[in-house]
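Chain by chain, the residues:
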Amino acid sequence: MSTLDERPTITAPGLTIEGLTVFVSEVIDVVNPATAEVFVSVPDAGAEELDRAAEAAHDAAQTWRAFPVALRQEFLLKLVEVVREHIDELALLLTLEQGKPLAKARGEIESGLRYCEAFAAMDLPIEVVRDDAGERIEIRHVPVGVVGAITAWNYPLLLAIWKIGPALVAGNTVIVKPSPFTPVATLRLGELVQQILPPGVLQVLSGGDELGRALTTHPLINKISFTGSERTGKAIMASSSSTLKRLTLELGGNDAGIVLDDADPAVIAADLYWGGLSNCGQVCAGLKRLYVPELMAWEIEDALAQIAATVVVGDGTRDGVDMGPIQNKTQFDRVESLVAGATSDGADVFFSGEAPEGPGYFHPVTLVRNATEDMALVREEQFGPVLPILTYSNLDEAVARANASDLGLGASVWSADEERGTQIAGRLEAGTVWVNQHPMLSPDVPFGGIKQSGLGVESSLHGLLAYTDISVLRVKR
Ligand code: NAD
């Protein structure tokens, strides 16, 4: 635990290439969003480091894929053990680079490890299509080869671990490229696993967008698993086409939640609030537009404001802080301008919480009413601690407004009547539709977006199989 006056000294982690820690002359300065100061500088990998890592990954893939699945699963469990032993160190790095409170940073890592444990218990099925006197036909799931895992800055370790776990169990080797805003904990993870995984199996390269682009065109990389913005997802789809890479794209969301007129605001308020505003609103499948019946709007707004008033915003390394800063200055400015645009178009900020003065990127919890779809705050993904509330008088019209988006990551319905809630949920266009919760993710349940929120899924057996190709075996008898 540190205070603003006694900040911990951080040793810069290096790249992990072929089982070794590597430093280069170019660096990325990493800013602590709670102080707006650079707290560590890490390597900025270039084409040379990528080539070395890709060659090592390609070589290691031959041995790694030949290991029995059970052995790869054992390695993954060793990774879990090592990360658990270092969880305090990793959580502090996450808080310093991402901003979230320490307890949430620990929670992020623990959650990632539960996913790894689940993948370590999943087998790759062999489906027997036919086994008769004439022929035996099997559908086998074989590794794709080398996976480039590119991640965003909101959950740096969780997003990386979501990719590493299934990719390794499926028999691939992995090169992780974290966001240049939050590379530190992921680099440290790479260093920690050097002691347990064979060289080349898991490598970490920090670098900017250019490095990400280079991964997507590299001839030795067979698949890109990407979490980030819709814009980048589309660029990746285009750039990886020249080498026909397999793709999993987890992109942005603009999730709508519809409260039905039978819901009790007092019962749902806390889940609604945290559905939209956990992780400082920087959650891909967070609740980003809330539709409420006109006649209940006041009650819901009041219930949400009461919860918001209890939320302590501050430096995530301090005790008692519930919400940290926005992760970076560009995003902070964007959130401010979305709120300013909405208010100048007639929306009303009915609650604005307390937040420390800068230089950190602290933004008050902001609840906005009289919002409409012609405001960018509603049309676009705000990705910050701001929740716009829209009213409706006709439920069919609310469903149509919720669906009127190019994005389709998540959505939710809130009702005291499960059957009615489930029936309305069936009309919403999203990769996951929740009833009376938002978002809730589990290792054994697929997660992904429809429409322009993504391609493919992560988690569950479906997520594991996304790291494989189908290879059919036909034996004539
Ligand atoms: P971003 O797209 O700007 O960057 C993500 C990563 O892509 C970074 O590592 C970046 O360096 C890299 N990158 C940038 N340009 C690239 C290119 N042309 N080719 C290859 N790599 C490139 O996204 P961000 O701002 O870091 O993250 C926020 C976004 O991520 C939000 O839209 C959010 O909804 C989304 N997100 C989605 C999920 C999900 O699971 N669906 C989860 C978390 C975040």
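This is a predicted model, so every value here is computed, not measured. (Residues numbered from 1 in each chain as written. Predicted model: local features only at pLDDT ≥ 70, side-chain atom pairs only at ≥ 80, totals over all residues. Heavy atoms only, no water.)

Q: Can you break down the overall build of the chain residue by residue, with the values?
A: Across its full length, the chain holds 15 helices and 22 strands. What you see for the chain is a C-alpha radius of gyration of 23 Å, in line with the 23 Å of a compact globule of 477 residues. Considering only C-alpha atoms, the chain reaches an extent of 70 × 65 × 40 Å along its principal axes. Burial status across the chain gives 56% buried among its 477 residues. By sequence separation, contacts in the chain at least 24 residues apart represent 73% of the contacts at least 6 residues apart. (Helix = DSSP H or I, 4+ residues; strand = E, 2+ residues; numbered from the N terminus. Rg over C-alpha atoms; globule rule 2.2 N^0.38 Å. Buried < 20%, exposed > 50% of the residue type's maximum accessible area, 1.4 Å probe, protein only. Contact = heavy atoms within 4.5 Å.)

Q: Break down the pattern of salt bridges for me, with residues and values.
A: A full pass over the atoms with the stated rule returns 27 salt bridges. Lys-163 is paired through a salt bridge with Glu-458; the nearest N and O atoms lie 3.2 Å apart. Taken together, the residues Lys-163 in helix α5 (residues 156–169) and Glu-458 in the loop between β21 (454–455) and α15 (460–465) connect sequence positions 295 residues apart. Across the pair, Glu-458 and Lys-163 agree in class, each one buried. Three or more residues are tied together by salt bridges with common partners; here these are Asp-131, Arg-136, Glu-138, Arg-140 and Arg-477. (Salt bridge = Lys/Arg side-chain N within 4 Å of Asp/Glu carboxyl O.)

Q: Tell me what's going on with the packing of aromatic side chains, and back it up with residues and numbers.
A: A complete count under the given rule lists eight aromatic pairs for this structure. Between the aromatic rings of Phe-67 and Phe-75, the centroid separation amounts to 6.0 Å while the plane-to-plane angle is 10°, which identifies the pairing as stacked. Taken together, the aromatic side chains of Trp-64, Phe-67 and Phe-75 make up a single cluster linked through ring pairs. Looking at Lys-104, its charged tip hangs above the ring of Trp-274, at a distance of 6.0 Å from the centre. (Phe/Tyr/Trp six-rings, centres within 6.5 Å; stacked < 30°, edge-to-face > 60°. Lys NZ or Arg CZ within 6 Å of the ring centre and 35° of its normal.)

Q: Now, about the side chain of Thr-16: what can you tell me, with residues and values included?
A: Along the polypeptide, Thr-16 turns up in strand β1 (residues 15–17). One polar contact links Thr-16 to Gln-194, side chain to side chain, over a distance of 2.8 Å. (Polar contact = N/O pair within 3.5 Å; in protein donor to acceptor, adjacent residues only side chain to side chain.)

Q: Describe the site of the ligand, listing the residues and the values that go with them.
A: Taken together, the neighbourhood of the ligand is formed by 29 residues, with Asp-209, Ser-229, Thr-232, Leu-251 and Glu-381 sitting nearest. At a separation of 2.7 Å, an oxygen atom of the ligand approaches a polar side-chain atom of Asp-209. In this structure, Arg-213 approaches the ligand through a side-chain N or O atom, which is 3.4 Å from a nitrogen atom. When isolated, the ligand has an accessible area of 860 Å², and the protein chains bury 92% of it. Those elements that provide at least two residues to the shell around the ligand are α7 (209–217), β10 (223–227) and α8 (230–239). (Near = heavy atom within 4 Å. Areas by Shrake-Rupley, 256 points an atom, 1.4 Å probe, with all protein chains shown as cover.)

Q: Break down the sheet that holds strand β6 (residues 135–143) for me, with residues and values.
A: The three strands lie next to each other as β5-β6-β22, forming an open sheet whose pairing is antiparallel. Where the open sheet ends on each side, the last strands, each with one partner, are β5 (127–131) and β22 (468–476). Strand-to-strand, the axes of this sheet are offset by a mean angle of 20°, without reference to chain direction. Across nine bridges, the pairing between β6 and β22 is antiparallel. If you follow Arg-140 over to β22, its bridge partner there is Ser-471. (Pairing = 2+ DSSP bridges. Axes fitted to C-alpha atoms, helices over the stretch in contact; angles between N-to-C directions.)

Q: Explain the sheet that holds strand β12 (residues 255–259) residue by residue, including any values.
A: Pairing is mixed across the open sheet formed by seven strands, whose spatial order is β14-β15-β16-β13-β12-β18-β19. In this open sheet, the two strands that pair with only one neighbour each are β14 (348–352) and β19 (432–435). Recorded for the sheet is a direction-independent mean angle of 20° between the axes of neighbouring strands. As paired elements, β12 and strand β18 (residues 410–414) share four bridges and run parallel to each other.

Q: Explain α5 to me, using residue names and the numbers behind them.
A: Between its terminal C-alpha atoms α5 stretches 21 Å, which fits the 20 Å expected from 14 residues at 1.5 Å a residue. Most of α5 is tucked away, with 14 of its 14 residues classed as buried. Just downstream of α5, Gly-171 is the residue with a positive phi angle, here 100°. (Expected span 1.5 Å × (residues − 1).)

Q: Account for the side chain of Glu-138, with residues named and values stated.
A: Mapped onto the elements, Glu-138 comes out in strand β6. Polar contacts involving the side chain of Glu-138 include one to the side chain of Arg-140, which spans 2.7 Å. If sequence neighbours within four positions are ignored, Glu-138 has contacts with Ile-126, Glu-127, Val-128, Ser-471, Val-472 and Leu-473.

Q: Explain the pairing of strand β4 (residues 37–43) residue by residue, including any values.
A: With six bridges joining them, strand β3 (residues 27–32) and β4 adopt antiparallel strand pairing. Bridge pairing links Val-31 to Val-38 in β4. The loop that links β3 with its antiparallel partner β4 comprises four residues; one of these, Ala-36, has a positive phi angle of about 60°.

Q: Explain α7 to me, and be specific about the residues and the numbers.
A: Along α7, the positions that sit buried rather than exposed are Leu-211, Gly-212, Leu-215 and Thr-216. Taken down its axis, α7 places every buried residue within 145° of arc, on the same side. Against the buried residues of α7 lie α1 (47–66), β7 (146–150), β8 (173–177), β10 and α8. (Arc of directions from axis to C-beta.)

Q: Break down the environment of Ile-164 for me, with residues and values.
A: Locating Ile-164 in the fold gives a position in helix α5. Filtering out sequence-adjacent residues up to four positions away, Ile-164 remains in contact with Leu-79, Val-176, Leu-189 and Leu-202.

Q: Describe the nonpolar core, and please don't skip the residues or the numbers.
A: Formed by 87 residues in total, the largest nonpolar core has its most connected members in Ile-109, Ile-175, Leu-197 and Leu-205. It is α5 that provides the largest number of residues to this core, a total of ten residues. Those residues in contact with Leu-197, other than ones at most four positions away along the chain, are Trp-64, Phe-75, Leu-79, Leu-168 and Leu-202. If you look at the next biggest cluster of nonpolar residues, it comprises 61 residues, including Ile-268, Val-292, Ala-308 and Leu-367. (Core = buried A, V, L, I, M, F, W, Y, C linked by side-chain atoms within 4.5 Å.)

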